[in-house]
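Residue-level structural notes
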Amino acid sequence: SRKRPEKINADDRKVEKSAKCASRARTGWARMPLVGVRTSVGAPRGTPSFERCGAGRRAMASRAAKRLGARVFARVCAIGNVGGHVPWRVASSNRRDAVTAAFPSPPPTPPRDGAWRQSVNTMPVNDMPPPSTAYLDGMNDEQRAAILAPIAPMKVLAGPGSGKTRVLVGRVTHLINERGVPPSHILCITFTNKAAREMKERLELSVGVDNAAAVTSGTFHSVASRMLRKHVHLLESYGRGNDFAIYDESDTRALIRKILVDRFNEDKKKIDAGLVKGRISASKSAVDHCVGVSGERMLRALIETRPNLQHDPGVVNQFARLYDEYEANLRSSNALDFDDLLSAAVALLQTSDEARQHYQQKWRHVLVDEFQDTSLSQYELIRVLAKPQDRVFVVGDVDQAIYSWRGAEVANIRDKFDVDFAGANTVLLTKNYRSTSTIVKAARAVIGAAKQRSPLHLDAVTPGGRDVAVVAVEDEIEEAEFCAREALKAHREGTPLKDIAVLYRTHSQSRPLEEAFIRAGVPHVVVGDTAFYTRKEIKDCVAYLRVLSNPRDTVSFGRIINTPPRKIGPGTLDKLQVWAESLPWEDGMPQTPGAALLRRRWADPDVPDDQMLPNAEAMGLGKAAHRAVGAFVRAMRELEDFMDVSTPGELIQEVIHKVGFEAYVSDQENGDERWGFVKELVSIAGDSDAFAPPGFSDGERDPDDLNKALIGPEGLHAFLEGISLLMSAETRSEDETADAARLMTLHASKGLEFHTVLVAGCEDNLIPFKRDERTGKPEDEETRLFYVGVTRAKKKLFLCRAFKRQRFGKTEYCDPSPFLDVVKNALAPGSPPAPPADPGGYGALPGGDATGRERRLAAHIAAGGGTRVAMGNSPAFRGRGR
């Protein structure tokens, strides 16, 4: 009975001794030498590696200090804040993340050489600086208000060039450095991979590499994919495993083609899988999620978002069944398309308490860029993740919402956010640091024409001058030449080519621009589109001309022998190659199949001219293959005869007719668009001035002599030489570092900025492309799109319009864009209005003449007030520019 109390007292003494040891350790912080220890946030929890300590193992002298040190490191690694007992700081500007902690220890043993090598992070407690606020340097009051706002629902309306990306990075830095938020609790969503990379790079500079790596940042699709890889099994009856495949655009189109052929007995040649896929995608974007939703419900969603389709019998009668078949095939393949990634992630959060609670706890702070471009499913994903704690921070601009055609809902930023997050604060970023005041003034006038817009009123920081020019030209060729000359001039004055951009509304406008830049020797990149002369249909058509001109061209011969399909497969082509090589050599080289077939190198002098081929056995071919090759040779020889008496333009038309090229191209996906490009090639070949033979390029020769020179092989050679130079010179690289001018659509320019911007095609029915059917005014989204184009310019802006424009083989006479009058009135108030257009615009009037039309056009442009006007070369334009 006496030993038990002694045992208890002994235990108590051990506890008391341990407590005193710990107390002495705690009270010794200020007077003991300090050793800085660096560890990365996100390093494994537990006892730190003593080898990294500046003073080695002796820094942890006592067991109590060791235990306390382990706890300190555990908290630092897990949270990033030690709670006041141990001073710490975050290095926020040297691409590193360092937490400096002080530990009680006896003085470490100096090095043998007697030199004291103290750790660079060692710092007495009283000298430790507060957390760095360098990320606020250079911020204006609006930006600071957004960054330092209380943790509550926040909407930042950021105008173009107002530094919204810097604000997002600053907000993340503020949360980590001053609010003590663990980086792993932050979710940052952007819209493009490029924007996500830029965000990651800026975060690394601001909060350090390890902190930036701990922040979850990426696109909507990448974030949704991560969620589903881990928790898709919680979606009941969804039928996908965690190893699901993600089908890209080509995969989904191939699946749709298979369904339409196998299930709906459609003609494979007439299927437009891209159109069908677009409708399926539109229906999925019109609902918050489509998991378990029937085809009938998705049909209603499609018609709600695209009312004009309710009168399409193909959609009404087939879409629901086609949608169900498509989803069943995806499920059987354990696959999702890109729309399903978002839809399934939303369904997962809505139906699984486990998944919802996991991600709401994991990502306690949600930040979203380009919020105006969110679809219903993207908005719902944000809402569910952020709603419990209301820690959501969104940045966007109503005036830059230009993607409704792919499911974006501008109402998300305009109305829904304020309803779902009641009491949300709003900050306006109105200072434009990108453009000059003149360009900003023009942009304000453009967006002021929209019916619905944000309360933003842009103010320029950079003063301006004569920075906006309206350029009037004769046609799209002169417009393209002006753009190339201006790009070259700006480059010679010191502007890098990659800081010059030509923007246009439709892809079809790129061809004359590409040619002009090639002829002027200006390196360029066509962003986001296939170059005109590298399109398959164009290369196929040109390949026929090349074989007619040079049958030994094996590449072109291989391209056309089964285009359009004529049952001459790779096996037959191999046999033709063997047969040709067995013939007598010519000029020390083996025969090519093209020369052997079209130049009759196989024939003896006594073989009749009407015999197209030797017999099938001699060629090593079967009877069917022999007949197919014979038909091809017959068609090519007839085209050779026609070539001798025709121009290149006439020859192309004959090729198209002879081989059935129109039907072949039109039956492919996007057949109408592809056929339009072929007609454009026919129009180019028919231009006698574009590809004149040597001696006819100075314009001084008789036009009749020129037309005669274009007939026959000589004219074809000249045409093909010009085409070859254009094909070989086209720059296709989209390397962001390449010093090349950018050619792109207005949509593709979103988020970019350039020193000099030239907007081509500022004509009615092109910019704007659509008008409101009720009011006849430009649709708001068209107004916003032009506003986006104008605000890409930093120093110089050229708005170009043509008197006439060749589109798909037809000449269209064009009225100026109504936006030009808006810009003119803003920059030159009080100038006389432009004269009203004729009922037919500037087109041909009954009994009218071209000179009268040019005078009216010149008068219209000359009324541009204070805006600078660059005129074209037509007689009515000369001398009127200013």
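Keep in mind that this is a model prediction, so the values were computed, not measured.

Rules of the game
For every chain, the first residue of the written sequence is number 1, and numbering continues from 1 onward in sequence order. A pLDDT threshold of at least 70 governs which residues receive local features in this predicted model, and a stricter bar of 80 or more applies before side-chain atom pairs are shown or counted, although totals over entire chains, interfaces and linings include all residues. Calculated side-chain values reflect all of the structure's heavy atoms, with hydrogen atoms and water omitted. Put simply, DSSP H or I for four residues or longer makes a helix, DSSP E for two residues or longer makes a strand, and each gets a number counted from the N terminus. Relative accessible area decides the class of each residue, using a 1.4 Å probe on protein chains only: under 20% of the type maximum gives buried, over 50% gives exposed, and in between gives partly exposed. In what follows, a contact means two residues having at least one pair of non-hydrogen atoms within 4.5 Å. Stacked, tilted and edge-to-face are the three classes assigned to paired rings of Phe, Tyr and Trp, where Trp is represented by its six-membered ring and a pair needs centres within 6.5 Å; plane angles under 30 degrees give stacked, over 60 edge-to-face, the rest tilted. Any Lys NZ or Arg CZ found within 6 Å of a ring centre and within 35 degrees of that ring's normal is scored as a charge over the ring. Each helix should span, by expectation, one fewer than its residue count multiplied by 1.5 Å. Arc definition: it is the arc formed by the directions from the helix axis to the C-beta atoms. Strand pairing is assigned whenever DSSP identifies at least 2 bridges connecting the two strands. With axes taken as lines fitted to C-alpha atoms, and helix axes fitted only over the stretch in contact, angles between N-to-C directions fall between 0 and 180 degrees. Site definitions follow a grid-based scheme: protein atoms alone, a 1 Å grid, a 1.4 Å probe that fits but cannot get out for cavities, and for pockets an open set with protein on both sides within 12 Å along at least five of seven lines, plus lining residues having an atom within 4 Å of a point. Grid points are joined across faces, edges and corners, and a volume is the space filled by probe spheres set on the points. In this classification, the charged set is Asp, Glu, Lys and Arg, the nonpolar set is Ala, Val, Leu, Ile, Met, Phe, Trp, Tyr, Cys and Pro, and all remaining amino acids, among them Gly, are polar. In what follows, salt bridge is the name for a side-chain nitrogen of Lys or Arg lying within 4 Å of a carboxyl oxygen of Asp or Glu. In these notes, a set of buried Ala, Val, Leu, Ile, Met, Phe, Trp, Tyr and Cys residues joined through side-chain atoms within 4.5 Å is what counts as a nonpolar core. Looking at any residue, its pLDDT shows the predictor's confidence there, from 0 to 100. Pairs of N or O atoms within 3.5 Å make up the polar contacts considered here, provided that, within protein, one atom can donate a hydrogen while the other can accept it, and that residues adjacent in sequence are counted only when both atoms are side-chain atoms. Handedness rule for crossovers: strands pointing away from the viewer, path from the first strand over the helix to the second running clockwise, crossover right-handed.

Time to look at the overall build of the chain. Along the chain, the regular secondary structure elements total 32 helices and 19 strands. For the chain, buried positions account for 51% of its 882 residues. In the chain, of all internal contacts separated by at least 6 residues, the share reaching a separation of at least 24 is 74%.

All chains considered together, the criterion is met by 12 aromatic pairs. Plain terms: the ring middles of Phe417 and Phe421 are 5.0 Å apart, the flat faces sit at 35° to each other, and that makes the pair tilted. On the accessibility criterion, Phe421 (1% relative accessible area) is buried. An aromatic cluster is built from Phe371, Tyr379, Phe417 and Phe421, whose rings are joined through pairwise contacts. Positioned above the aromatic ring of Tyr403 is the side chain of Arg406, whose terminal nitrogen or guanidinium carbon lies 3.7 Å from the ring centre. Geometry around Phe677 places Arg535 over its ring, the cationic atom sitting 3.8 Å from the centre.

A few words now on helix α8 (residues 249-262). For α8, which comprises 14 residues, the first-to-last C-alpha distance of 20 Å matches the rise-based estimate of 20 Å (1.5 Å per residue) to within 8%. Of the positions making up α8, those classed as buried are Thr252, Leu255, Ile256, Ile259 and Leu260. Along the long axis of α8, the arc covered by the buried residues comes to 130°, so they all point the same way. Tucked into the core, α8 has its buried residues touching β4 (245-247), α9 (273-285), α11 (313-332) and β5 (335-337).

Here we take up the environment of Gly671. By the secondary structure assignment, Gly671 is in helix α27 (residues 671-685). Judged by its relative accessible area of 5%, Gly671 falls in the buried class. Measuring from C-alpha to C-alpha, the distance between Gly671 and Asp272 comes to 8.2 Å, with 399 residues separating the pair along the chain. Residues contacting Gly671, with those up to four places away along its chain left out, are Val665 and Ser666.

Geometrically, the link from Thr563 to Pro564 is a cis peptide bond, its omega value of -5° lying close to zero. Relative to the helices and strands, Pro564 is located in the loop between α20 (554-560) and α21 (570-582). Cis rather than trans, the peptide bond between Ile767 and Pro768 has omega equal to 10°. Of note, Pro768 is situated in the loop between β15 (754-759) and α30 (780-790). Backbone geometry places Lys567, a non-glycine residue, at a positive phi of 65°. Turning to its location among the elements, Lys567 is positioned in the loop between α20 and α21. For Lys567, a relative accessible area of 76% translates into the label exposed. Of note in the backbone geometry, Asn765 takes a positive phi value of approximately 70° without being a glycine. Within the secondary structure, Asn765 sits in the loop between β15 and α30. On the accessibility criterion, Asn765 (52% relative accessible area) is exposed.

Note on sheets: strands pair through backbone hydrogen bonds, and any given pair is parallel or antiparallel. The strand order across the open sheet formed by 6 strands is β3-β2-β6-β7-β1-β8, and the pairing between neighbours is parallel. Here the strands that pair on one side only, and so sit at the sheet edges, are β3 (216-219) and β8 (425-429). Direction aside, the axes of adjacent strands within the sheet are offset by 15° on average. With 4 bridges joining them, strand β2 (residues 186-190) and strand β6 (residues 365-368) adopt parallel strand pairing.

Turning to empty space enclosed by the protein, a few remarks are in order. The method is simple in principle: a probe with the dimensions of a water molecule rolls over the atoms, and the space it marks as empty is what remains. Across all of its chains, the model carries 8 cavities of 30 Å³ or more by this definition. Estimated volume of the largest cavity: approximately 140 Å³. As for the largest cavity, its lining consists of 12 residues, and the residues nearest its centre are Ser508, Gln509, Glu680, Gln806 and Arg807. Only α18 (510-519), α27 and β17 (804-807) provide two or more residues apiece to the lining of the largest cavity. The element best represented in the lining of the largest cavity is β17, accounting for 3 residues. Considering only residue class, the lining of the largest cavity consists of 4 nonpolar, 3 polar and 5 charged.

To continue, consider helix α14 (residues 376-386). Among the 11 residues that make up α14, 9 are buried, leaving the element largely enclosed by the rest of the structure. Along α14, the positions that sit buried rather than exposed are Ser377, Gln378, Tyr379, Glu380, Leu381, Ile382, Val384, Leu385 and Ala386.

Taken as a whole, this structure holds 32 salt bridges when the rule is applied. Between Arg263 and Glu325 there is a salt bridge, and its shortest N-O distance comes to 3.7 Å. With Arg263 in the loop between α8 and α9 and Glu325 in helix α11, this pair connects stretches of sequence that are 62 residues apart. Classification of Arg263 as exposed rests on a relative accessible area of 55%. Residue classification places Glu325 among the partly exposed residues on the basis of a relative accessible area of 22%. Taking the shortest distance from any N to any O, the salt bridge between Asp353 and Arg356 comes out at 2.2 Å. Of this pair, Asp353 and Arg356 both sit in helix α13 (residues 353-362), separated by 3 residues, roughly a single helical turn. A residue is classified by how much of its surface remains accessible, and Asp353, at 45% relative accessible area, is partly exposed.

On to the nonpolar core. Leu597, Met636, Ile652 and Leu681 are the most contacted members of the largest nonpolar core, which has 52 residues in total. When residues no more than four places from it in sequence are discounted, the contact partners of Ile652 are Cys541, Leu545, Leu681, Val682, Ala685 and Phe719. Counting 45 residues, the second largest nonpolar core, distinct from the first, contains Leu157, Ala344, Ala345 and Ala424.

Along the chain, the position of Lys387 falls in the loop between α14 and β7 (392-396). Considering only alpha carbons, one finds Lys387 and Pro153, 234 residues apart in sequence, at a separation of 9.3 Å. Sequence-distant contacts of Lys387, that is, excluding residues within four places in its chain, are made with Asp420 and Phe421.

What follows deals with the confidence of the model for the chain. On average, residues of the chain score 76 in pLDDT, and 72% of them reach the 70 mark or higher. Taken as a whole, residues 694-700 scores under 50 in pLDDT and shows 6 contacts with residues more than four places along the chain or in a different chain. pLDDT under 50 marks residues 728-734. Its contacts with residues more than four places away, or in other chains, come to 20 contacts.

Checked against the element boundaries, Thr791 lands in the loop between α30 and β16 (793-802). Given a relative accessible area of 2%, Thr791 falls into the buried group. Here Arg792 takes part through its side chain, which lies 3.0 Å from a polar atom of the side chain of Thr791. Excluding its chain neighbours within four sequence positions, the residues that come into contact with Thr791 are Pro160, Arg434, Ser435 and Ala443.

Counting buried positions along β7 yields 5 of 5 residues, so the element is predominantly enclosed. Alternating positions in β7 separate into two faces, Val392, Val394 and Gly396 on one and Phe393 and Val395 on the other, with burial throughout. Of the crossover connections in this fold, the one passing from β6 over α14 to the parallel β7 is right-handed.

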